[in-house]
Amino acid sequence: MEGFEVLYPMGFDAFGLPAENYAIKTGIHPSIVVKKNIKNFTRQMKSIGFSFDWDRVISTTDENYYKWTQWIFLKMFENGLAYKAKIPINWCPKCKIGLANEEVVAGKCERCASSVEKKEKEQWLLKITKYAQRLIDDLDSVDYIERVKTMQKNWIGRSDGALIKFKIQSEKLKVNEDFLEVFTTRPDTLFGATFMVIAPEHVLIRNQESVISNREEVKKYVEMAKGKSDLERTESKEKTGVEIKGIKAVNPANGKEIPIFTADYVLTGYGTGAIMAVPAHDQRDFDFAKKYNLPIVRVIQPENQELRIKNQGLEKAFEDIENGIMVHSGQFDGMQALECIKKITLWLVEKKIGRPEVNYKLRDWVFSRQHYWGEPIPLIFCDSCKKLMESLKFKVQSSKFSEGEILNPGWVPIPEDKLPLTLPNVKKYEPTDTGESPLSKIDSWVNTKCPRCNSPAKRETDVMPNWAGSDWYYLRYCNPNNNQCLADPEKLKYWMPVDWYNGGLEHTTLHLLYSRFVYKFLWDIGAVPKEIGSEPYKKRTSHGMILGEGGEKMSKSRGNVVNPDDVIEEFGADVLRMYEMFIGPFNQAASWDTKSILGIKRFLDRVWLYSNKFKVQNSKFKIKEDVNVLKLLHQTIKKVSVDIESMGFNTAVSALMILSNELLNSADQKSFETFLILLSPFAPHITEEIWREVLGHKKSIFKEAWPKFDPNLIISKEAQIVIQVNGKVRDKIIMPAGTDELSAVQIALLSEKIQKFASKENIIKTIHIKDKLLNIVVK
RNA sequence: GCCCGGAUGGCGAAAUUGGUACACGCACAACACUUAAAAUGUUGCGACCGUAAGGUCAUGUGGGUUCGAGUCCCACUCCGGGCACCA
């Protein structure tokens, strides 16, 4: 209605666990269920009146779509961004299947309640960490709600610090044998490191096994830690750990021997999987030191004398680096802690015991799933190619092999012209008892020929995670049926980047970040035209969830699901739409309340009733234009226009109601029509009906131009000034617009109500905000 | 535990940058219409004191900054989202 061409697409992304689990339960093939559900969702969305472009619908489970999802994976492989590594999966020893995190409830298998273990498995990973810095930096160039930017930045989690080497020596031999490397953001606290903690998975435990004197105890602890998820390991308030006896570390700053512990609050995935513990200045280390009675050495003192006295008790770690002075730190004593970070890092480099380092929390993306219902990974493992690669060793760089093949010897990509690699039919959808995908049971599919050397070879049987399809769908919407490439570059240039992307907040760190990564990769390799820019989405907003009555998430098991079909049946689609918009702020969760829906129904009923006056009296029904109503009408045009842009739908509806309360007594046809146009995006069905059938217009209301407000009609000649005395409201006086402070005070002092509290004599000062407020401060 | 949000009448909520707290709607009550009910319309509706005029107190809790705080700062409580294999 404002004259723009708008691409507003809808599609279906149905690979993943829910469809697969349904198939396991019912034996119906996921593709059949997915088709059925898509049909139903489409019918429902159409009945609500969404203005999607139904010619561009895509489905990530279609062969013609996932052909390109597989193509993207091949490109990543080719460019060395995909690699195989051993990654633990959740393993249920009784069911003999791998479990998703969601299927593990409090460390137990959701189906059989036995304890879940970690099992190492070779899986494909994507090097998203290579893009970490760009994913942070480019956030400055997009218009995302602040909350989303913050969450992404924290998730990627850049920290600047230092890598420090600690020598390890066996207690008996006193010989330097090994070393432990730690990453720390606080090298300034090095002198305060009184012990070290390593993750239970740390290689040091294996490497030093022969000299560890309490081997059994350590092993037991390591086993126990295997059963816990990262979340469980870090969430427990009570820290646990075991000292690794028989070896010690040496603090390189002061040469002191310090004990080494293993504790599950240190994770392998972050940093080096080992930390130097500085109990005086880190709360977790502090709690650990208290529990195991370890020395706590204060190396930073509060600068402020008062704070210093308050802090002497050492009941808490002192983490305030901004206001700290170094103590007990040799040549660094007396320095500002903040400044000391730089100095001590330089010193580490000089002494060759450390160096500056940037670390990210972000981990590489595990891209394998041992399931059936996903895109097959289009790679083939060939033993003879592997042997050839190994024999070539140093010559491979100048060879015909891609980076991916060099990185993953023996893995050969399927030629692009053989895509899509379609999912074969299976009879059973459960993963196998080895933890492999059910695809591994289909010999005719697994056994194949190497596309490179024609030797017998085997297909990869893992499939891709659900995210794979949704990483690039915005590109496909621009050109949904292209068989030659992802999407025609000219079409991409026309539509991309996405102007406005709305989605749930729960997608902020995973889907949103993954898709930005994949887009950047495609942009780097030229699969997406350079002109579009390095970010796929210009603007990102998020909506809240509609909860069931009583504030709980709608779910079948709770029996509180509201079916839109029923609401539409009883009240109509427009009432449903407007109720959801009116329910509360767009970005906040809201509970469904069937009672409140009546307000919207009454509102639309009144509109309908009023419109019929124009019909009955054959358009002769006419009332003089009322200046005040006209002013309100133009204020509402402004309000509704602004609110739609900022997604203040609840206040836009409220503004329309306020206008209707005035207008629907006295409106002439012209004003009423303007009101209808304002209402049309909210209630498209009823407004179109009135527009054409009642008012007799030939063209659709949606062909009308969006109304513009007249600024002259909004300006007021008078203003109500709130008069406060000492900040308390004592009177409200109407004054001519633009009254200055002096006159306002004079007028205010004439008011009896004000005279009770203020007079010329006791005024200390006055604060005046033009046309709004006057505050008189008295003694 | 860590990261990000939120808390305002009986209820959903409003309050564009610190400037009239509770707009709009629901529920409730009274009245009108009706034989009656529903629907519709009109009016009232934060708490306390007061016939009223008016006053005092109120935006999760406790402190602070300010002429003035729902809004800013500090500490805390509770609730929601995320924590990498639900998507």
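Remember, it's a predicted structure, so these values are computed and weren't measured experimentally.

Novice: Would you mind going over the overall build of chain A in detail, with residue names and values included?
Specialist: Each helix and strand counted, chain A has 28 helices and 30 strands in total. Principal axes of the C-alpha set define a box for chain A whose edges measure 105 × 80 × 50 Å. Out of the 779 residues in chain A, the part that is buried amounts to 48%. In chain A, of all internal contacts separated by at least 6 residues, the share reaching a separation of at least 24 is 70%. A total accessible area of about 40600 Å² is found for chain A, and carbon and sulfur atoms account for 52% of it. Positive and negative side-chain charges in chain A, numbering 112 and 102 respectively, have mean positions lying 1 Å apart.

Novice: Outline the packing of aromatic side chains, listing residues and values.
Specialist: Scanning the model with the defined rule gives 39 aromatic pairs in all. The aromatic ring of W500 is capped on one face by K539, whose charged end is 3.6 Å from the ring centroid.

Novice: Before we move on, can you summarise the pairing of strand β30 (residues 773-778) with the specific residues and values?
Specialist: Where burial is concerned, most of β30 is hidden: six out of the six residues are buried. Here β30 shows no split at all, with L773, N775 and V777 on one side and L774, I776 and V778 on the other all buried. For strand β27 (residues 718-725) and β30, the ladder comprises four bridges, and the chain directions are parallel. If you follow V722 over to β30, its bridge partner there is L773. Two strands pair when backbone bridges link them, and strand β29 (residues 763-769) and β30 are joined in this way by six bridges, in the antiparallel orientation. By the bridge assignment for β30, T766 is matched with I776.

Novice: A description of the environment of N650 should follow, citing residues and the corresponding values.
Specialist: Tracing the sequence through the fold places N650 in helix α23 (residues 649-666). Put simply, N650 and Q746 are 96 residues apart on the chain and 41 Å apart in space, counted from C-alpha to C-alpha.

Novice: Report on the protein's contact with RNA strand B, specifying residues and quantitative values.
Specialist: Near RNA strand B, the surroundings consist of 62 residues, among which N101, E102, N466, I583 and N775 are the closest. Counted by atom, the contact set of RNA strand B within 4 Å of the protein is 59% sugar and phosphate. Between RNA strand B and N661, the relevant distance is 3.4 Å, taken from a phosphate oxygen to a side-chain nitrogen or oxygen of the residue. One nitrogen or oxygen atom from the side chain of K728 is found 3.0 Å from a phosphate oxygen belonging to RNA strand B. In terms of residue count, the dominant contributor to the surface near RNA strand B is α23 (six residues). Of the residues contributing to the surface near RNA strand B, the split by class is 24 nonpolar, 21 polar and 17 charged.

Novice: Could you give an account of the packing of helix α20 (residues 573-582) against α23, with specific residues and numbers?
Specialist: Where α20 contacts α23, the two axes come as close as 7 Å, and the packing angle between them is 115 degrees. Judged by the angle between their axes, α20 and α23 are roughly perpendicular. Contacts between α20 and α23 involve M578, M581 and F582 from the first element and F649, N650, V653, S654 and M657 from the second. In the contact of α20 with α23, the residues fall into six nonpolar, two polar and no charged.

Novice: Requested: an account of the layout of surface pockets, with residues and values cited.
Specialist: Volume-wise, the second largest pocket comes out at about 350 Å³. Elements with a contribution of two residues or more to the lining of the second largest pocket: α2 (30-48) and α3 (63-78). The element best represented in the lining of the second largest pocket is α2, accounting for four residues. Here the lining of the second largest pocket is built from residues that sort into eight nonpolar, six polar and three charged.

Novice: Go over empty space enclosed by the protein with me, naming the residues and quoting the values.
Specialist: All told, the structure shown has four cavities of 30 Å³ or more when counted by the stated rule. The calculated volume of the largest cavity comes to roughly 80 Å³. What lines the largest cavity is simply T69, I72, F73, M76, L126, F367, M464, A468, D471, W472 and V518. At four residues, the largest contribution of residues to the lining of the largest cavity is made by α3. The residue makeup of the lining of the largest cavity, split by class, is nine nonpolar, one polar and one charged.

Novice: Lay out α23 in plain terms, naming residues and giving numbers.
Specialist: Taking 1.5 Å of rise per residue, the 18 residues of α23 would be expected to cover 26 Å, and the 26 Å separating its terminal C-alpha atoms lies within 8% of that figure. When the local axis directions of α23 are compared, the greatest deviation, roughly 35 degrees, occurs at S660. Within α23, burial applies to F649, N650, A652, V653, A655, L656, M657, L659, S660, L663, L664 and S666.

Novice: Account for the pattern of salt bridges, naming residues and giving values.
Specialist: Per the stated rule, a full pass over the model turns up 28 salt bridges. Close ionic contact of E103 with R111 constitutes a salt bridge, the shortest N to O distance being 2.8 Å. Notably, a salt bridge pairs E405 with R452, separated by 2.8 Å at the nearest N-O pair. Of this pair, E405 sits in helix α13 (residues 403-407) while R452 sits in the loop between β21 (447-449) and β22 (456-459), and the two are 47 residues apart along the sequence. Overlapping salt bridges bring together D138, R516, K520 and E535 as one network.

Novice: Now, about the environment of Y537: what can you tell me, with residues and values included?
Specialist: Here Y537 shows up in the loop between α18 (511-524) and β24 (539-543). For the pair formed by Y537 and N40, sequence separation is 497 residues and the distance between their alpha carbons is 29 Å. What Y537 contacts, discounting residues up to four positions off in sequence, is V142, Y144, Y474, V498, Y501, H511, L512, S515 and R516. Separated by 2.9 Å, the side chains of Y537 and S515 make a polar contact.

Novice: Could you give an account of the state of the cysteines, naming the residues involved and the relevant values?
Specialist: Under the defined criterion, the tally for this structure stands at zero disulfides. In this structure C92 is a free cysteine whose sulfur lies 3.5 Å from that of C112, the closest cysteine sulfur available. Judged by its relative accessible area of 0%, C92 is buried. Sulfur of C453: no disulfide; nearest cysteine sulfur belongs to C382 and is 3.5 Å away.

The rules behind each value
- Residues numbered from 1 in each chain as written.
- Chains lettered and ligands numbered in written order.
- Predicted model: local features only at pLDDT ≥ 70, side-chain atom pairs only at ≥ 80, totals over all residues.
- Heavy atoms only, no water.
- Helix = DSSP H or I, 4+ residues; strand = E, 2+ residues; numbered from the N terminus.
- Buried < 20%, exposed > 50% of the residue type's maximum accessible area, 1.4 Å probe, protein only.
- Contact = heavy atoms within 4.5 Å.
- Areas by Shrake-Rupley, 256 points an atom, 1.4 Å probe, with all protein chains shown as cover.
- Lys, Arg positive; Asp, Glu negative; His and termini not counted.
- Charge placed at Lys NZ, Arg CZ, Asp CG, Glu CD.
- Phe/Tyr/Trp six-rings, centres within 6.5 Å; stacked < 30°, edge-to-face > 60°.
- Lys NZ or Arg CZ within 6 Å of the ring centre and 35° of its normal.
- Pairing = 2+ DSSP bridges.
- Near = heavy atom within 4 Å.
- Polar contact = N/O pair within 3.5 Å; in protein donor to acceptor, adjacent residues only side chain to side chain.
- Nonpolar A, V, L, I, M, F, W, Y, C, P; charged D, E, K, R; others polar.
- Axes fitted to C-alpha atoms, helices over the stretch in contact; angles between N-to-C directions.
- Parallel < 35°, antiparallel > 145°, perpendicular 65-115°, else oblique.
- 1 Å grid on protein atoms, 1.4 Å probe; cavity = no way out; pocket = protein on both sides within 12 Å on 5 of 7 lines; lining within 4 Å.
- Points joined across faces, edges and corners; volume = space filled by probe spheres on them.
- Expected span 1.5 Å × (residues − 1).
- Bend = angle between axes of the 7 residues up to and from the residue.
- Salt bridge = Lys/Arg side-chain N within 4 Å of Asp/Glu carboxyl O.
- Disulfide = S-S within 2.5 Å.

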